[in-house]
Amino acid sequence: MVSPAGNHNEAQRLFTLKRYTLGDSTADPELDHITRLAATLCQVPIGLINLVNDADTWCKSRYGNVTDSMPRDDSFCTYTIASSGMLEVPDTQQDPRFRHLPLVVQPPAIRFYAGVALVADNGQAIGSLCVMDTKPRQLTSLQRELLSQLAHNVVLRFEHHLMSRAQHATSHAGIGVWEMDIPSRVTHWNDVINQLYGIGDNDDIDMFRRLNVYVDTDKARLKQALDAAITHRRAFNDTFQLGTPNGLQ
């Protein structure tokens with residue numbers, strides 16, 4: 001079988017997959033509610049979250065009776081990630097691309113497939129959320145829409161884990177980080193800064209009082225830079241000095 005052409009930067013795609021998963025090919029039970037919901041909404045017996053590396057595909061989550069992994073060239077998912085969208089095959093036995101695949105000619109003898117690519121934040125497709133049936137069929141427009149939304153939720157789940165790992169690493173490295181929601185001006189400061197300044201989780205301290213942690217000579221300059229970023233949507237890069245309650249800078 002010749003794999004379909006699609007991704008013009010396979011190295012970047014594989015790097016993205018590793019970034020999202022850290023190379024962990026074990027199943028993730030936290031995703032099982034999504035595969036079960038996908039199968040239930042599409043009224044099919046099988047739902048899968050498949051990830052694709054350079055040689056294989058494997059199930060990160062599975063609902064129904066199907067193999068956990070297989071060679072990449074034997075997988076529907078190879079075509080799905082090449083499409084970077086939805087791939088629907090109403091009858092696999094009538095489609096020359098798929099009628100010879102092991103999943104089609106051997107048990108469970110798949111006759112229907114629909115999958116949505118899992119597209120990361122950089123546009124790279126790392127796998128798919130798919131549903132399968134042992135008889136030909138077609139999804140309704142509503143089912144296609146719901147399947148696409150569930151695939152988006154899978155990506156959000158991966159991104160949440162990615163962000164959690166980054167925050168964990170930052171905190172353990174003793175790096176203080178803060179961020180601000182532009183419309184509300186609400187700020188979030190991580191535990192490193194809160195602990196440094198003796199601020200409790202439930203303390204209600206607004207942005208302007210937070211900025212008092214900066215030395216007087218830099219405070220006005222930082223506020224001016226923030227105002228410009230908010231008004232003109234312009235990023236800035238600068239260095240500002242903080243002072244701790246015990247006088248350290």
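Our structure's up above, just so we're on the same page.
Worth saying up front: this structure is predicted, and the values here are computed from it rather than measured.

## Quick look at helix α8 (residues 216–232)
Right, on to step 1. Taking 1.5 Å per residue, 17 residues should reach 24 Å; α8 reaches 25 Å between its end C-alpha atoms and fits that length.
Right, on to step 2. Burial in α8 covers these residues: Asp-218, Leu-222, Ala-225, Leu-226, Ala-228 and Ile-230.
Right, on to step 3. Backbone geometry just downstream of α8 places Arg-233 in the positive-phi region, at approximately 50 degrees.

## Some remarks on the environment of Leu-147
Right, on to step 1. Within the secondary structure layout, Leu-147 lies in helix α5 (residues 141–172).
Right, on to step 2. Its relative accessible area of 0% is what places Leu-147 among the buried residues.
Right, on to step 3. In the structure, Leu-147 is positioned 110 residues away from Leu-37 in sequence and 9.2 Å away in space, judged by C-alpha atoms.
Right, on to step 4. In this view, Leu-147 contacts Ala-38, Cys-42, Met-86, Ala-114, Val-116, Leu-129, Val-131 and Leu-139; residues no more than four positions away in its chain are not counted.

## Things to note about the pattern of salt bridges
Right, on to step 1. According to the stated counting rule, one finds 13 salt bridges in the structure shown.
Right, on to step 2. A salt bridge links Asp-121 to Arg-19, with the shortest nitrogen-to-oxygen separation between them at 3.3 Å. Taken together, the residues span a long stretch of sequence, with Asp-121 in the loop between β5 (112–119) and β6 (125–133) and Arg-19 in helix α1 (residues 10–21) at a distance of 102 residues.
Right, on to step 3. On the accessibility criterion, Arg-19 (29% relative accessible area) is partly exposed.
Right, on to step 4. One network of salt bridges, in which partners are shared, links Glu-10, Arg-13 and Arg-72.

## Focus on the packing of aromatic side chains
Right, on to step 1. If you walk through the whole model with that rule in mind, you get four aromatic pairs.
Right, on to step 2. With centroids separated by 4.6 Å and ring planes inclined at 10 degrees, the aromatic side chains of Phe-76 and Tyr-113 adopt a geometry described as stacked. Taken together, the residues span a long stretch of sequence, with Phe-76 in the loop between β3 (69–71) and α3 (77–83) and Tyr-113 in strand β5 at a distance of 37 residues.
Right, on to step 3. The class for Phe-76 is buried, based on a relative accessible area of 1%.
Right, on to step 4. With centroids separated by 5.0 Å and ring planes inclined at 70 degrees, the aromatic side chains of Tyr-79 and Phe-98 adopt a geometry described as edge-to-face. Here Tyr-79 is found in helix α3, whereas its partner Phe-98 is found in the loop between β4 (86–89) and α4 (102–105), with 19 residues between them in sequence. Considered together, Tyr-79 and Phe-98 belong to a single accessibility category, that of buried residues.
Right, on to step 5. Taking NZ or CZ as reference, Arg-137 lies 5.9 Å from the ring centre of Phe-112, over its face.

Parameters at a glance
Throughout this document, residue positions are counted from 1 along each chain, in the order its sequence is written. Per-residue local features are limited, in this predicted model, to residues with pLDDT of at least 70; the limit for side-chain atom pairs, both in listing and counting, is 80 or more; totals at the level of whole chains, interfaces and linings are taken over all residues. By convention in this description, side-chain values take in all heavy atoms of the structure and omit both hydrogens and water. Elements are defined by DSSP. Helices are runs of H or I of four residues or more, strands are runs of E of two residues or more, and each kind is numbered from the N terminus. A helix is expected to reach a length of 1.5 Å times the quantity of its residues less one. Only protein chains enter the calculation, and the probe is 1.4 Å; a residue is then buried if its accessible area is under 20% of its type maximum, exposed if over 50%, and partly exposed in between. The contact criterion used is simple: two residues touch if any of their non-hydrogen atoms lie within 4.5 Å. We define a salt bridge as a contact between a side-chain nitrogen of Lys or Arg and a carboxyl oxygen of Asp or Glu at a distance within 4 Å. Ring geometry is summarised as follows: Phe, Tyr and Trp rings, the Trp one being its six-membered ring, pair when their centres sit within 6.5 Å, and such pairs are stacked at plane angles under 30 degrees, edge-to-face over 60 and tilted between the two. Either the NZ atom of lysine or the CZ atom of arginine qualifies as a charge over a ring when it sits within 6 Å of the ring centre and within 35 degrees of the ring normal.

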